[in-house]
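# Observations on the three-dimensional arrangement
Below are the chains, spelled out letter by letter.
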Amino acid sequence: MIINQYIRDFENLGLGMFVHFGLYSILGRGEWVRSLENIPAEEYESLTDRFDPKEGWAEELAENAKNAGCGYITLTARHHDGFSLYDTCGLTDFDAPHALCGRDIVKEFVDACNKRGLKPFFYHTLLDWHEQTYRTDFKAYLKYLRKSIGVLCKNYGKIGGIWFDGMWDRPGEDWEEDALYATIREFQPEAMIINNTGLDARGALGHIELDSVTFERGNPKPINLESSPKYIASEMCEVMNDCWGIGFNDLNYKSPAMLIEEMVLCRRTRANFLMNTGPRPDGSLRTVDRGIFELIGRWMEKFGDIFRYAVPTSQAAVLEKEKDFILEKDGKFYLFCFGLPTVADPNVSGRVWADYDVRIKLKEPTTGRIAVTAIDTGESLPYDLEDGILTVHGTPFKFGSNLVVRVIEITIGGK
Ligand code: GLC
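Per-chain numbering applies: the sequence of each chain, read as written, is numbered from 1 onward. Confidence filtering applies because this is a predicted model: local features only for residues at pLDDT of at least 70, side-chain atom pairs given and counted only at 80 or more, and all residues used for totals across whole chains, interfaces and linings. Water and hydrogen atoms were dropped before computing side-chain values, which therefore reflect all heavy atoms in the structure.

Our focus in this paragraph is a negative patch on the surface. Exposure above 30% relative accessible area and the lack of any salt bridge qualify a residue for a patch; like charges then connect within 9 Å, and the nonpolar side chains Val, Leu, Ile, Met, Phe, Trp and Tyr within 5 Å. Accessible surface area values rest on a Shrake-Rupley calculation with a 1.4 Å probe, where residue burial reflects the displayed protein chains alone. Any Lys or Arg side-chain nitrogen found within 4 Å of a carboxyl oxygen on Asp or Glu counts as a salt bridge. As used throughout, the charge tally considers Lys and Arg to be positive and Asp and Glu to be negative, leaving His and the chain termini uncounted. By convention, the charge on Lys lies at NZ, on Arg at CZ, on Asp at CG and on Glu at CD. Taken together, the side chains of Asp355, Asp357, Asp384, Glu386 and Asp387 make up a negatively charged region of the molecular surface. The helix count covers DSSP runs of H or I at least four residues long, the strand count covers runs of E at least two residues long, and both are numbered beginning at the N terminus. Positionally, Asp387 belongs in the loop between β16 (383-386) and β17 (389-394). For Asp387, a relative accessible area of 73% gives the class exposed. Burial status follows relative accessibility: with a 1.4 Å probe on protein chains alone, a residue under 20% of its type maximum counts as buried, one over 50% as exposed, and anything between as partly exposed.

In structure tokens form, the structure reads like this:
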């Protein structure tokens, strides 16, 4: 099986920021607003007269991503409404340089990413509500699509990858994938090529050029690579509330604790976590979105290196627990512990400590020295070893801290 280094590098990024930003952001009713509300084309397209992200929007965005511990950002260079945030160089007038702002928004984004060592990725729609040929002359449309991708691959330096979405709109159609992906490989041989399989076919493998499968809003599962000539990564994208583009009245936010759990659980199968935000019309992040990224950043500050680089192992397995799991890095094991409570005086925390034991089956018998350490506090944790089962006795979080998931380092036999 071929293992491409750029795919390994992608896995090591671990966490990405997904950004849904476009004309729909002005209306604030999600990125599907044009289609769901049957807004007449002309009316929707006149939103270009109001599209004017503030100067520095990309810097702010990238700064938030960096502080959250992200390694990449995936921006909607063009979403289903057909509006391009990049200069299409004459392919269409329906792009940012022809809108009120008169600027190349993708260029600003790429510069802000590069400045901070973040890899820029482009989300690109396959279906198109704007382009006539999508309905009237599909072959001509595909040429337009490939030329668009060519522009993105040629004009912005080295990119992290392209993330396609929308093939499910015409499932029986020949999308000429060979030619589409060849356009990318020609100019960006090491770009990740991803094609979202949506909610119905999470984790499904596709064309041989694809480098990662997707799990949209779903629990990543191990993928079966038996018939695949090359190694393929996994990525799960998640939305904070119900829509990807900003919904001014979409208050249905998931809790930061839940999102941190989901993010960490991705690593059980080494999947990346792509956390979405829909910026305001001026490109700034909503306070709540910024806050969630800030909390994710707190977790990543403590455990980011383990999150990024530790890998699944066959040398140790957690028994009985639903979520807790174990990874390996540089000969050490890392136990991810879910659901440890905060315990203090019962009058303030309301909790009484009940033992939290994690039983781990070790593949190799060991008689060597064992050290079990909570990474966040540095405290040594008690353990027992019996019949090849290592039992780690967890301790609660102290009042004033609860990291949702704690990572515990286990060193065995003087490794
Ligand atoms: C769905 C939606 C789209 C969104 C995407 C994110 O495919 O159609 O609006 O961009 O999910 O994964």
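Resuming the write-up.
Strand β12 (residues 332-338) sits mainly inside the fold: 6 of its 7 residues count as buried. As judged from the 5 bridges shared by strand β11 (residues 325-329) and β12, these two strands associate in the antiparallel manner. Counterpart to Ile326 in the pairing with β12 is Leu335. By the convention used here, strands pair only if DSSP detects at least 2 bridges between them. Connecting β11 to the next strand, β12, in antiparallel fashion are 2 residues, including Asp330 with a positive phi near 45°. Bridge count for β12 against strand β19 (residues 405-412) is 6 bridges, and the pairing is antiparallel. Looking at β19, one finds that Phe333 is bridged to Ile410.

Another aspect to go through is the pattern of salt bridges. Evaluated as defined, the whole model comprises 27 salt bridges. A salt bridge links Glu176 to Lys139, with the nearest nitrogen and oxygen atoms 2.7 Å apart. Placement of Glu176 in the loop between β4 (161-165) and α9 (177-187) and of Lys139 in helix α8 (residues 138-154) is noted, with a sequence separation of 37 residues between them. Given a relative accessible area of 18%, Glu176 falls into the buried group. The salt bridge involving Arg217 is made with Glu216; its shortest N-O contact spans 3.5 Å. Its relative accessible area of 34% is what places Arg217 among the partly exposed residues. One salt-bridge network, in which partners are shared between bridges, spans Asp52, Glu55, Arg103 and Glu108.

A few words on the packing of helix α5 (residues 57-68) against helix α6 (residues 105-115). As a packed pair, α5 and α6 sit with axes 8 Å apart at the nearest point and diverge in direction by 40°. Classified by the angle their axes make, α5 and α6 are oblique. Regarding α5 and α6, the two cross each other, and that crossing is right-handed. Note on element contacts: α6 touches α5 through Ile105, Glu108, Phe109, Ala112, Cys113 and Lys115, opposite Trp57, Ala58, Glu59, Leu61 and Ala62. Only the stretch in contact is used when a helix axis is fitted, and all axes are lines through C-alpha atoms; the angle between N-to-C directions ranges over 0 to 180 degrees. Oblique is the label for every angle not falling under 35 degrees (roughly parallel), over 145 degrees (roughly antiparallel), or within 65 to 115 degrees (roughly perpendicular). If you view the pair so one helix is near and one far, a crossing is left-handed when the near helix is turned anticlockwise from the far one by less than a right angle, and right-handed when it is turned clockwise. Only heavy atoms matter for contacts: two residues are in contact if any of them lie within 4.5 Å across the pair.

Right, let's talk about unusual backbone geometry for a bit. It is generally the case that most residues other than glycine have a negative phi and that most peptide bonds are trans. The phi dihedral of Arg217 falls on the positive side, at around 50°, and the residue is not glycine. Here Arg217 is to be found in the loop between β6 (212-216) and β7 (233-238). Of note, Asp330 is a non-glycine position whose phi angle comes to about 45°, a positive value. As for its position among the elements, Asp330 is in the loop between β11 and β12.

Before going further, it helps to examine the domain arrangement of the protein chain. Either an automatic procedure or a domain database provided the assignment from which the domain bounds are taken. Per the domain assignment, the segments of the protein chain are domain 1 (5-309) and domain 2 (312-412). Computed from C-alpha coordinates alone, the two centres of domain 1 and domain 2 are separated by 36 Å. On the side of domain 2, 17 residues touch domain 1, which itself brings 14 residues to the contact. Using a 1.4 Å probe, buried area is obtained as the accessible area two parts lose upon being combined, added over both of them. Interface area, domain 1 with domain 2, both sides summed: about 1,500 Å², of which 80% is carbon and sulfur. Looking at the side of domain 1 facing domain 2, the largest losses of area belong to Arg268, Phe303 and Ile306, adding up to 39% of the total buried there. Our count for the domain 1 to domain 2 interface comes out at 1 salt bridge. One salt bridge connects Lys323 with Glu261, and the closest N-O pair in it is separated by 2.7 Å. Throughout this description, a polar contact denotes any pair of N or O atoms lying within 3.5 Å of each other; where both atoms belong to protein, one of them has to be capable of donating a hydrogen while the other can accept it, and for residues adjacent in sequence the pair is counted only when both atoms sit in side chains. Summed over the shared surface of domain 1 and domain 2, the number is 4 residue pairs in polar contact (both at pLDDT 80 or more). Top contributing element to the side of domain 1 that touches domain 2 by residue count: helix α11 (residues 287-309), with 6 residues. Under the grouping applied here, Gly and all other residues not named as nonpolar or charged are polar, the nonpolar ones being Ala, Val, Leu, Ile, Met, Phe, Trp, Tyr, Cys and Pro and the charged ones Asp, Glu, Lys and Arg. Taken together, the residues of the side of domain 1 that touches domain 2 break down into 8 nonpolar, no polar and 6 charged.

On to the sheet that holds β16, then. With respect to topology, 4 strands assemble into an open sheet ordered β10-β14-β17-β16, the strand pairing being antiparallel. Strands with a single pairing partner mark the edges of an open sheet, and in this sheet they are β10 (316-319) and β16. Taking the axes of each pair of neighbouring strands and ignoring which way they run, one obtains an average angle of 25° across the sheet. Pairing of strand β14 (residues 356-362) with β17, which is carried by 6 bridges, proceeds in the antiparallel orientation. Bridged to Ile360 within β17 is Leu390.

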